[in-house]
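Results of the structural survey
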Amino acid sequence: MRARAMSRAPEAGAPAGRPRVLLAPVTITPSKPLTPSHLKGLLWTDVMFRATRQLADVTYRCSHSTYHLCEQTLAFWEFLDRTQGDRSYDEATEEDIGRLYVAFRAEQGRVPAEDLRHYADAVEDGWVHPAGERVLRLWTGQYAELGLHDPGLLRHQPPRYDLDTALDRLDALGMCLDQRALGGPVHLDLTRFGLPLRQLVTADGRPNYLACALRELMPLAPDFDEVVLLHDTELDSDYQQLARVLTALGTGVRRVPIGRVPIDGRIRSARHGGWHDTHARALLDRARADHGDAAVRLGMRLYFIAVLGPGQQQSFRADLLRQCLRRAERMIDSAGPDLDGTADGTVAELLARHRGDHLHVNPYRLTSSLLGTRRPAPVPGLLSGVFL
């Protein structure tokens, strides 16, 4: 098979000669509400993107088209068609679809690969199941309310490599153990680096998330000075392997693990449900009842980035979120007419202090710098350019 052609458009207005940074956060399967853990990762990535692009030419790559091919997504769509028939999802909420996803994950047995093949072929051509499209549309509205950059939730953004091209590239790097000719699976082989074999494709041809990520990022990485991989800590092993492959292609790679948010002291996968009215829609509705748009955007960032921090020790607390929303209102009021100031050299100098030895801006260090009882008001243009 031939590699797909895809050009990289530079950021509009980006000065020539600046460092090139690729932000590649883990994607969220469009099958459920956005949980506090999802919000934390999204807000973290957004602040990193908006701050770093003032110092570098930044591309934010988060293509759902690439990861729809994962078995959990295709099998869920097959489950919906098998159990729900021609149901319309036009009026469904993400909670409605999430409950169906929980039922799917509780189902015993595994869908035969042959039953998923026509779904995979349709996805490669840009098709999205109506339930998945409905969730993505709902998320698009929530992104807008939160002031999040939309990397193309509703756009078809296929990876430049097809699966065979990605595996051939791995083989050329000496990193592929391909047993398909013997009826077996395909493994990523990084054993010479002290890492375990990692299956990429099952014996019956099903690629996993890591295989999809390699299709996406292997052709992109060499175009950048730094690739930043943002992922939750549960995926640390896979992202170590992904970083090793991309490093072999000659680019600098930074992994940014972000801890999940416990609910009542427990970290549970969204596949089990139990959102406890803490999903994005519910949190936004409550916040917007008492606060303006700007305070909601800033307050959410203060809480999910600065208060919760990079780890996963603290459970979600609605009272602390409310405190951050009130703090955001006071901060915005104190900024006065300077709130919408134009970002200038002072902002760039401030942001550069939070880069460390890498090209991207550290969202935790930057957001935490806004807190503190005696901190001065943010410099003009910082809030509007990065946090609102």
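An account of the accompanying structure is given in this report. (Residues numbered from 1 in each chain as written. Predicted model: local features only at pLDDT ≥ 70, side-chain atom pairs only at ≥ 80, totals over all residues. Heavy atoms only, no water.)

1. A look at the overall build of the chain
- Broken down by element type, the chain carries 15 helices and 7 strands.
- Here the C-alpha atoms of the chain give a radius of gyration of 21 Å, agreeing with the 21 Å that 2.2 N^0.38 yields for 388 residues.
- Viewed in the frame of its principal axes, the chain has a C-alpha envelope of about 65 × 50 × 35 Å.
- In the chain, which comprises 388 residues, the proportion classed as buried is 51%.
- Considering only residue pairs separated by 6 or more positions, the chain has 76% of its internal contacts joining residues 24 or more positions apart.
- For the chain, the accessible surface area stands at approximately 17000 Å², while carbon and sulfur atoms represent 47% of it.
- Treating the 48 positive side-chain charges of the chain as one cloud and the 49 negative ones as another, the clouds have centres 5 Å apart. (Helix = DSSP H or I, 4+ residues; strand = E, 2+ residues; numbered from the N terminus. Rg over C-alpha atoms; globule rule 2.2 N^0.38 Å. Buried < 20%, exposed > 50% of the residue type's maximum accessible area, 1.4 Å probe, protein only. Contact = heavy atoms within 4.5 Å. Areas by Shrake-Rupley, 256 points an atom, 1.4 Å probe, with all protein chains shown as cover. Lys, Arg positive; Asp, Glu negative; His and termini not counted. Charge placed at Lys NZ, Arg CZ, Asp CG, Glu CD.)

2. Details of helix α12 (residues 318-335)
- For α12, with 18 residues, the first-to-last C-alpha span of 26 Å sits near the 26 Å given by 1.5 Å per residue.
- Buried within α12 are the following residues: Leu320, Leu321, Cys324, Leu325, Ala328, Met331, Ile332 and Ala335. What you see down the axis of α12 is that its buried residues fit within an arc of 145°, all on one side. Exposed and facing more than 90 degrees away from the buried side of α12 are Arg330 and Asp333.
- Of the residues flanking the end of α12, it is Gly336, one or two places downstream, whose phi is positive at about 55°. (Expected span 1.5 Å × (residues − 1). Arc of directions from axis to C-beta.)

3. What to know about the sheet that holds strand β4 (residues 186-188)
- On the basis of which strands lie adjacent, the open sheet formed by 3 strands has the order β3-β4-β5 and antiparallel pairing. Each having just a single partner strand, β3 (176-178) and β5 (198-201) make up the two edges of the open sheet. Sheet twist, expressed as the mean angle between neighbouring strand axes with direction ignored, is 30°.
- Here β4 runs beside β5; their pairing, made up of 3 bridges, is antiparallel. Bridge pairing in β5 links Val186 to Val201. (Pairing = 2+ DSSP bridges. Axes fitted to C-alpha atoms, helices over the stretch in contact; angles between N-to-C directions.)

4. Focus: the pattern of salt bridges
- With the rule as written, the count across this model stands at 28 salt bridges.
- Between Arg50 and Asp46 there is a salt bridge; the shortest N-O distance is 3.4 Å. Of this pair, Arg50 and Asp46 both sit in helix α1 (residues 36-52), separated by 4 residues, roughly a single helical turn. Taken individually, Arg50 and Asp46 each receive the classification buried, so the pair is uniform in this respect.
- Of the charged contacts, one joins Arg288 and Glu145 as a salt bridge, the two residues approaching to 3.3 Å between their closest N and O atoms. One end of the pair, Arg288, is in helix α10 (residues 280-290); the other, Glu145, is in helix α6 (residues 130-146), with 143 residues separating them in the sequence. (Salt bridge = Lys/Arg side-chain N within 4 Å of Asp/Glu carboxyl O.)

5. Focus: the pairing of strand β6 (residues 226-232)
- In terms of burial, β6 is a largely internal element, 7 of the 7 residues being buried.
- Where burial is concerned, the two faces of β6 agree: the one with Glu226, Val228, Leu230 and Asp232 and the one with Val227, Leu229 and His231 are both buried.
- One ladder, built from 7 bridges, connects β6 with strand β7 (residues 252-258); its direction is parallel. Bridging across to β7, Leu230 finds its partner in Val256.
- One crossover worth recording links β6 to the parallel β7 by way of helix α9 (residues 236-248), and it is right-handed. (Right-handed = clockwise from strand over helix to strand, strands pointing away.)

6. Here's the deal with the packing of helix α3 (residues 71-84) against helix α4 (residues 94-106)
- Across the interface, α3 lies against α4 with an axial gap of 10 Å and an inter-helix angle of 100°. One element, α3, and the other, α4, form an angle in the roughly perpendicular class. Contacts between α3 and α4 involve Gln72, Ala75, Phe76, Phe79, Leu80 and Gln84 on the former and, on the latter, Ile97, Leu100, Tyr101, Ala103, Phe104 and Arg105.
- Residues of the contact of α3 with α4, tallied by class, amount to 9 nonpolar, 2 polar and 1 charged. (Parallel < 35°, antiparallel > 145°, perpendicular 65-115°, else oblique. Nonpolar A, V, L, I, M, F, W, Y, C, P; charged D, E, K, R; others polar.)

7. Examining the side chain of Thr66
- Tracing the backbone shows Thr66 in helix α2 (residues 64-67).
- Classification of Thr66 as buried rests on a relative accessible area of 1%.
- Polar contacts involving the side chain of Thr66 include one to the side chain of Ser63, which spans 3.3 Å.
- Those residues in contact with Thr66, other than ones at most four positions away along the chain, are Gln157, Pro158, Pro159, Cys212 and Glu216. (Polar contact = N/O pair within 3.5 Å; in protein donor to acceptor, adjacent residues only side chain to side chain.)

8. Quick notes on the environment of Asp204
- Structurally, Asp204 is set in the loop between β5 and α8 (209-217).
- You can call Asp204 partly exposed: its relative accessible area is 35%.
- Along the sequence, Asp204 and Ala122 sit 82 residues apart, while their C-alpha atoms lie 18 Å from each other.
- For Asp204, the contacting residues outside a window of four places in its chain are Ala113 and Arg117.
- Looking at Asp204, its side chain comes within polar contact range of the side chain of Thr202, at 2.4 Å.
- Of note is the side chain of Asp204, whose polar atom sits 3.1 Å from the side chain of Arg206.

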